[in-house]
Amino acid sequence: MTQWLSNASRGVGYYRRGFSLIARPGLRRFVAIPLLINTAVFIALIDSLRRQMSRVIDLVSGNSWVQWLAGFEALAWLVTLIQWLFWLLFGLGVVIAVFYAFALIANFIAAPFNGLLAEQVERSLRGREPETLTSSWRSVLRSIPVTLFSEVRKLLYLAVWMVPLLILTFIPGLNLLSSVAWLWFGAWLVALEYIDYPMGNHGHTFPSVRKTLRSHRATAMGFGGAAAVVQSIPLLNLLAMPASVAGATALWVDQIDSPSAHPAPLEDSP
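These figures come from a predicted structure and were not determined experimentally.

Peer 1: Explain the overall build of the protein chain here, please?
Peer 2: Per the secondary structure count, the protein chain includes nine helices and zero strands. Secondary structure elements of the protein chain, listed N to C terminal, follow the sequence α-α-α-α-α-α-α-α-α. For the protein chain, buried positions account for 41% of its 270 residues. Contacts spanning at least 24 positions in sequence make up 80% of the contacts within the protein chain whose residues lie at least 6 apart. Carbon and sulfur atoms form 71% of the exposed surface of the protein chain, whose accessible area is close to 14300 Å².

Okay, structure coming up:
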């Protein structure tokens, strides 16, 4: 157990390292496009939620019962309370949308550019200069079909596992375990999502990524857990995606691709 926690802590360290990597002068330009995509998706989601919530509040405010309450000066505060409760629900909706919808949409759109970022981070970590943007654009265009196919496989993997997790959520007694199961699966899925970029650059398919990461499960869970937490924080989540790609690439270079050069302790069996 101690070894497992040590490896999980190492995974968190790789995520923190991702933030320092994307700040390197030679890599900043490769962060720009994923960052712009993140910002655009975030603004679009928040604006869509805001407009939908405004319609709901207008509908509720126009309800005959609510108008009847508003007619009593002593009960006017109740109408205001109802409106504030709806805006509270809007805030919760933002957090949920940021964690699930934002991550899924942004990663799908930015997938080719995340692969490019992983490639350039790996070059930097291995002591080679990042390529020019001109040559990098060619690699992005070549990788689009393969990268998007890999993203579809990830979504299918998510859909398959969501079925038993949803069933668990609605079973009395067992649903007490559902929160832990969702957190565990969320951390694992995030780790798979981002380690796929550097491994995909070397021809690994998504099933191969899953098989490889199982032998580094504790490190993956620490990394994925840290990334999932940051992804759920509005505004900070704009940098979460490129930092996750960079941190996952460092994990790939240090722990997975070159285990003999950088030996890692044996991990507990899953």
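Peer 1: Where do I start with the nonpolar core in this structure?
Peer 2: Counting 56 residues, the largest nonpolar core has Tyr-194, Ile-195 and Leu-213 as its most contacted members. At the level of elements, helix 1 (2–21), helix 2 (28–61), helix 4 (76–125), helix 5 (133–169), helix 6 (178–200), helix 7 (206–214), helix 8 (217–231) and helix 9 (237–257) are the ones that each hand at least two residues to this core.

Peer 1: Even after reading the chapter, I still don't get the pattern of salt bridges, so can you show me in this structure?
Peer 2: By the definition in use, this model includes five salt bridges. Close ionic contact of Asp-257 with Arg-126 constitutes a salt bridge, the shortest N to O distance being 2.5 Å. Within this pair, whereas Asp-257 is found in helix 9, its partner Arg-126 is found in the loop between helix 4 and helix 5, the two being separated by 131 residues in sequence. Judged by its relative accessible area of 33%, Asp-257 is partly exposed.

Peer 1: Would you mind showing me how to read the confidence of the model for the protein chain here?
Peer 2: Caution applies to low-pLDDT parts of the model: their predicted coordinates are not meant to be read in detail. Summary statistics for the protein chain give a mean pLDDT of 76 and a share of 69% for residues scoring 70 or more. Note on residues 261–270: pLDDT under 50 across the span, and 19 contacts to partners over four residues away in sequence or across chains.

Peer 1: How should I be thinking about the packing of aromatic side chains in this particular structure?
Peer 2: Centre distance and the angle of the planes are the two values used to describe a pair of aromatic rings. One pass over the full model with this rule turns up six aromatic pairs. Arranged with centres 5.8 Å apart and planes meeting at 75 degrees, the rings of Tyr-15 and Phe-223 form a pair that is edge-to-face. Of this pair, Tyr-15 sits in helix 1 while Phe-223 is found in helix 8, placing the two residues 208 residues apart along the sequence. What makes Tyr-15 buried here is its relative accessible area of 3%. For Phe-223, a relative accessible area of 2% translates into the label buried. With a centroid separation of 6.2 Å and an interplanar angle of 50 degrees, the aromatic rings of Tyr-194 and Tyr-197 are classed as tilted. Of the two residues, Tyr-194 and Tyr-197 both sit in helix 6, three residues apart, roughly one turn of that helix. With respect to burial, Tyr-194 and Tyr-197 carry one shared label: buried.

Peer 1: What's the story with the packing of helix 6 against helix 8 in this structure? I'm lost.
Peer 2: The description of two packed helices rests on the angle between their axes and on the distance between the axes. In contact at an axis separation of 7 Å, helix 6 and helix 8 are set at 95 degrees when each is read in the N-to-C sense. For the element pair helix 6 / helix 8, the angle class is roughly perpendicular. Listed contacts from helix 8 to Trp-184, Ala-187, Trp-188, Val-190, Ala-191 and Tyr-194 of helix 6 are Arg-217, Ala-220, Met-221, Phe-223, Gly-224, Gly-225, Ala-227, Ala-228 and Gln-231.

Peer 1: What should I look at first to understand the side chain of Glu-193 in this one?
Peer 2: With respect to the helices, strands and loops of the structure, Glu-193 is situated in helix 6. On the basis of relative accessibility, which here comes to 12%, the residue Glu-193 falls in the buried class. At 2.8 Å, the side chain of Glu-193 forms a polar contact with the side chain of Tyr-197. Apart from the residues within four sequence positions on either side, Glu-193 is in contact with Asn-107, Glu-151 and Lys-154.

Peer 1: Hey, could you run me through the environment of Asp-196 in this one?
Peer 2: Within the secondary structure, Asp-196 sits in helix 6. For Asp-196, a relative accessible area of 5% translates into the label buried. Between the C-alpha atoms of Asp-196 and Thr-249, which are 53 residues apart in sequence, the distance is 9.2 Å. Once residues within four sequence positions are removed from consideration, Asp-196 is found in contact with Ser-150, Lys-154, Phe-206 and Val-209.

Reading guide: rules and limits
Residues numbered from 1 in each chain as written. Predicted model: local features only at pLDDT ≥ 70, side-chain atom pairs only at ≥ 80, totals over all residues. Heavy atoms only, no water. Helix = DSSP H or I, 4+ residues; strand = E, 2+ residues; numbered from the N terminus. Buried < 20%, exposed > 50% of the residue type's maximum accessible area, 1.4 Å probe, protein only. Contact = heavy atoms within 4.5 Å. Areas by Shrake-Rupley, 256 points an atom, 1.4 Å probe, with all protein chains shown as cover. Core = buried A, V, L, I, M, F, W, Y, C linked by side-chain atoms within 4.5 Å. Salt bridge = Lys/Arg side-chain N within 4 Å of Asp/Glu carboxyl O. pLDDT = per-residue confidence, 0-100. Phe/Tyr/Trp six-rings, centres within 6.5 Å; stacked < 30°, edge-to-face > 60°. Axes fitted to C-alpha atoms, helices over the stretch in contact; angles between N-to-C directions. Parallel < 35°, antiparallel > 145°, perpendicular 65-115°, else oblique. Polar contact = N/O pair within 3.5 Å; in protein donor to acceptor, adjacent residues only side chain to side chain.

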